[in-house]
Amino acid sequence: MSHVTQTELRKRLSRVLSELYGEEVPAYNMLVDVAQEVNQDYQRQHPEQAELFGSLERVTAERHGAIRVGSPEELSQAARIFGAVGMYSVNFYDLRDAKPKPIPVVSTAFRPIDRHELAENPFRVFTSMLVPEDRRFFTLELEQRLKEYISQRTLFSDELLALADLSVAGKGLPEEQAQRFLTLAASAFALSSEPVDRKWYEELESISSVAADIGGVSTTHINHLTPRVLNIDELYSRMEARGISMIDSIQGPPKCEGPDVLLRQTSFRALSEPRMFKEADGSVCEGALQVRFGEVEARGIALTPTGRAVYDSSMAEVDAESAQSRRDRADVAQEIWAQRFPRTEAEFLQKDLGYFTFELVSERPASDMPSQLIDMVSEGHIRIEPIVYEDFLPQSAAGIFASNLSGDGNVRDAQGDAPRDAAWMSGRIGTPVLDSFEIYAQERASSLARVCQQLGIQPEDLTLPWM
Ligand code: OOG
Ligand code: NI
């Protein structure tokens, strides 16, 4: 019987979830169609740039999902399921003191980490976990009831988890088991028809609608699934032209003249979905909830710690300046970006703002070349290629969460008292929570090592912008 590799399993999982979500949220299908139109037009108009950040084939299949779970046990199970298809926990995001609205979760993203695996299929899932111990949101009494409720439910069946472990051990699954794994995974992430206990849901919703979406129901579900687009400004206006009202702005860096950096995202609120409710008197009736939405993303260069610091301070500057001057935020952002970020990739490299890989394109011996990497690039001996940002941005994620919340929520005046970080999360889920800066730096280093080997020199022989 044929063997399905983890890579193939990931491709299929992404496809199966996309079909499922399209059935559940028809507006998603429209978003995917519009994204594909925009990408094809972009490819036609800018053939030399369209594949700068990944092949069109990759970008067309590319999705990120978002799910939410209630406890470290549930998160560790999600890690096993994603591990089965070659997706690993990268970065720790704490959204509990996020602006404009605090969200009672800490998050990570599961994604492939190897460059070739990303090229094959970069499926990633932003996974958030409720923090019932945080007193800014929950009293001790509510914490206990939440934990009790969550510990009694089963998000992922034993059979699904056993197949996931088999896939890790055998680097994939035989065809029949692969199909079973996909069927069970899809049903674990589907919206449940189980009645929602109205009183319990509303109690949690008065604190945070994210808390209600996680702890107020007996299953998890895909909260959104996001296609990638090559021109997000164009997508934004085409969706509005089709009568879909998008959130006020695009999250993340503004449109700028220089190379795209990091991640830009925008979303629209999905329509109400019918859900069954169980009332206090035991009767069951149909109601509606509005928690799921559509989102789209555009990706650019992964920034180095130096570049990221410039990004963070520029964002803060934009906030301060637009609040003070009351000018349009997008205009202020464009102005500040033009001052803070260079216009060319070579300058990004020279100032050590972004990560690149390298390719030797000259036949000359190393002795005939400059010893500064940046000069080798500007004289055309070495070609650079930006490393695409594969992760998320906490501030943008907070904006995406906030723009789709139903109520205002309620944050109490208390100490948070539940410290969480990557090491804590890693200990609780039993696998490392990787740091994306290290992944990008590693990729840059191995690419440079290859070029040096071709030249018969050591990386230490070169003057590097980041050393
Ligand atoms: C996750 C929100 C964050 C993103 O793309 O930054 C997110 C959620 O709503 O569960 O998906
Ligand atoms: Ni998202």
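Structure: above.
Note that the coordinates shown come from a computational prediction; the quantities given were computed from them, not determined experimentally. (Residues numbered from 1 in each chain as written. Chains lettered and ligands numbered in written order. Predicted model: local features only at pLDDT ≥ 70, side-chain atom pairs only at ≥ 80, totals over all residues. Heavy atoms only, no water.)

Participant: Break down the sheet that holds strand E8 (residues 224-227) for me, citing the residues and quoting the values.
Facilitator: Pairing in this open sheet of five strands is mixed, and the strands run E3-E4-E5-E2-E8 from one edge to the other. One side of each edge strand has no neighbouring strand; the edge strands of this open sheet are strand E3 (88-94) and E8. Across this sheet, the average inter-strand angle for adjacent strands is 20°, counted without regard to direction. Pairing analysis gives four bridges linking strand E2 (residues 63-69) to E8, with the strands arranged antiparallel. Paired with arginine 63 across the strands is proline 227, a residue of E8. Lying on the sheet, helix H16 (residues 394-403) is in contact with E2, E3, strand E4 (105-111) and strand E5 (124-130); it crosses E5 at an angle near 75°. (Pairing = 2+ DSSP bridges. Helix = DSSP H or I, 4+ residues; strand = E, 2+ residues; numbered from the N terminus. Axes fitted to C-alpha atoms, helices over the stretch in contact; angles between N-to-C directions. Contact = heavy atoms within 4.5 Å.)

Participant: Explain the coordination of the nickel ion (ligand 2) to me, using residue names and the numbers behind them.
Facilitator: On the protein side, the nickel ion (ligand 2) has His64 (NE2), His224 (NE2) and Glu295 (OE) as donor atoms, found 2.1 to 2.2 Å from it. Each donor residue of the nickel ion (ligand 2) belongs to the same chain, and together they define the spacing H-x159-H-x70-E. On the criterion of sequence distance, the pair formed by histidine 64 in strand E2 and glutamate 295 in strand E12 (residues 293-299) is long-range, its members being 231 residues apart. Classification of glutamate 295 by relative accessible area gives buried; the value is 1%. (Donors = N, O, S within 2.8 Å, 3.2 Å for Na, K, Ca; no water. Buried < 20%, exposed > 50% of the residue type's maximum accessible area, 1.4 Å probe, protein only.)

Participant: Can you break down the pattern of salt bridges residue by residue, with the values?
Facilitator: Summed over all chains, the structure comprises 45 salt bridges. As a salt-bridge pair, arginine 242 and glutamate 37 come within 3.2 Å of each other at their nearest N and O atoms. Note that arginine 242 is positioned in the loop between helix H11 (232-241) and strand E9 (263-269) and glutamate 37 in helix H2 (residues 26-45), a separation of 205 residues in sequence. Across the salt bridge formed by arginine 58 and glutamate 62, the nearest N and O atoms sit 2.9 Å from each other. Its relative accessible area of 7% is what places arginine 58 among the buried residues. Each of the salt bridges in this network shares a partner with another, and the network as a whole consists of Arg58, Glu62, Arg124, Arg228, Glu297, Arg299 and Glu390. (Salt bridge = Lys/Arg side-chain N within 4 Å of Asp/Glu carboxyl O.)

Participant: Before we move on, can you summarise the packing of aromatic side chains with the specific residues and values?
Facilitator: Throughout the structure, instances matching the rule amount to 14 aromatic pairs. Judged by centre distance (5.2 Å) and plane angle (70°), the ring pair of tyrosine 21 and tyrosine 28 falls under edge-to-face. Given a relative accessible area of 0%, tyrosine 21 falls into the buried group. When the ring of phenylalanine 156 is compared with that of phenylalanine 189, the centres are 5.8 Å apart and the planes differ by 65°; the resulting orientation is edge-to-face. Taken together, the positions of phenylalanine 156 in the loop between helix H6 (140-152) and helix H7 (158-170) and phenylalanine 189 in the loop between helix H8 (175-188) and strand E7 (196-197) put the pair 33 residues apart, joining distant regions of the chain. By relative accessible area, which is 1% here, phenylalanine 156 ends up buried. A cation over an aromatic ring shows up here: arginine 299 above the ring of phenylalanine 392, its NZ or CZ 5.7 Å from the ring centre. (Phe/Tyr/Trp six-rings, centres within 6.5 Å; stacked < 30°, edge-to-face > 60°. Lys NZ or Arg CZ within 6 Å of the ring centre and 35° of its normal.)

Participant: Lay out the site of ligand 1 in plain terms, naming residues and giving numbers.
Facilitator: Looking at ligand 1, the residues that line it are His64, Ala66, Arg68, Phe126, Asn223, His224, Gln265, Phe293, Glu295, Phe392, Ala397 and Phe401. Residue histidine 64 places a side-chain N or O atom 3.0 Å away from an oxygen atom belonging to ligand 1. The side chain of glutamate 295 places a nitrogen or oxygen atom 2.9 Å from an oxygen atom of ligand 1. Contact with the protein chains removes 100% of the 310 Å² of surface that ligand 1 exposes when unbound. Elements with a contribution of two residues or more to the shell around ligand 1: E2, E12 and H16. Examining the composition of the shell around ligand 1, we find that three residues originate from one element, E2, more than from any other. Residues belonging to the shell around ligand 1 are distributed by class as follows: six nonpolar, four polar and two charged. (Near = heavy atom within 4 Å. Polar contact = N/O pair within 3.5 Å; in protein donor to acceptor, adjacent residues only side chain to side chain. Areas by Shrake-Rupley, 256 points an atom, 1.4 Å probe, with all protein chains shown as cover. Nonpolar A, V, L, I, M, F, W, Y, C, P; charged D, E, K, R; others polar.)

Participant: So what about helix H9 (residues 198-205)? Which residues, and what values?
Facilitator: Among the residues of H9, Trp200, Tyr201 and Leu204 are the ones counted as buried. Seen along its axis, H9 keeps its buried residues to an arc of 100°; they face one direction. Elements in contact with the buried residues of H9: H6, E7, helix H10 (209-215) and strand E11 (284-289). N-cap assignment for H9: the residue whose side-chain oxygen lies 3.2 Å from the backbone N of lysine 199 is aspartate 197. (Arc of directions from axis to C-beta.)

Participant: I'd like a description of the sheet that holds E7, backed by residues and values.
Facilitator: As summarised here, the arrangement of the three strands in space is E7-E10-E11, forming an open sheet in which the pairing is mixed. Each edge of the open sheet is held by one strand with a lone partner, namely E7 and E11. The pairing of E7 with strand E10 (residues 273-278) spans two bridges and is parallel. Bridge pairing in E10 places valine 196 opposite phenylalanine 277.

Participant: Go over the packing of H6 against H9 with me, naming the residues and quoting the values.
Facilitator: With their axes 13 Å apart at the nearest point, H6 and H9 run at an angle of 130° to one another. Considering their axes alone, H6 and H9 lie oblique with respect to each other. Considering how the two elements wind past one another, H6 and H9 form a crossing that is left-handed. Here H6 contributes Leu142, Arg145, Leu146 and Tyr149 to the contact with H9, which in turn contributes Trp200, Glu203 and Leu204. (Parallel < 35°, antiparallel > 145°, perpendicular 65-115°, else oblique. Left-handed = near helix turned anticlockwise from the far one by under 90°.)

Participant: So what about the pairing of E12? Which residues, and what values?
Facilitator: In terms of residue burial, E12 counts as a mostly covered element, since seven of its seven residues are buried. Judged by which residues are buried, E12 turns out to be covered on both faces: Phe293, Glu295, Glu297 and Arg299 on one side and Gly294, Val296 and Ala298 on the other are all buried. In this sheet, E12 lies alongside E9 in antiparallel orientation, the contact comprising seven bridges. Bridge pairing in E12 links leucine 263 to arginine 299.

Participant: With reference to specific residues and values, describe the side chain of arginine 420.
Facilitator: Tracing the sequence through the fold places arginine 420 in the loop between H16 and helix H17 (422-429). Reaching out from arginine 420, the side chain makes a polar contact with the side chain of glutamate 133 at a distance of 3.1 Å. Not counting residues within four places of it along the chain, the set of residues in contact with arginine 420 comprises Phe92, Asp94, Arg96, Val106, Val131 and Glu133.

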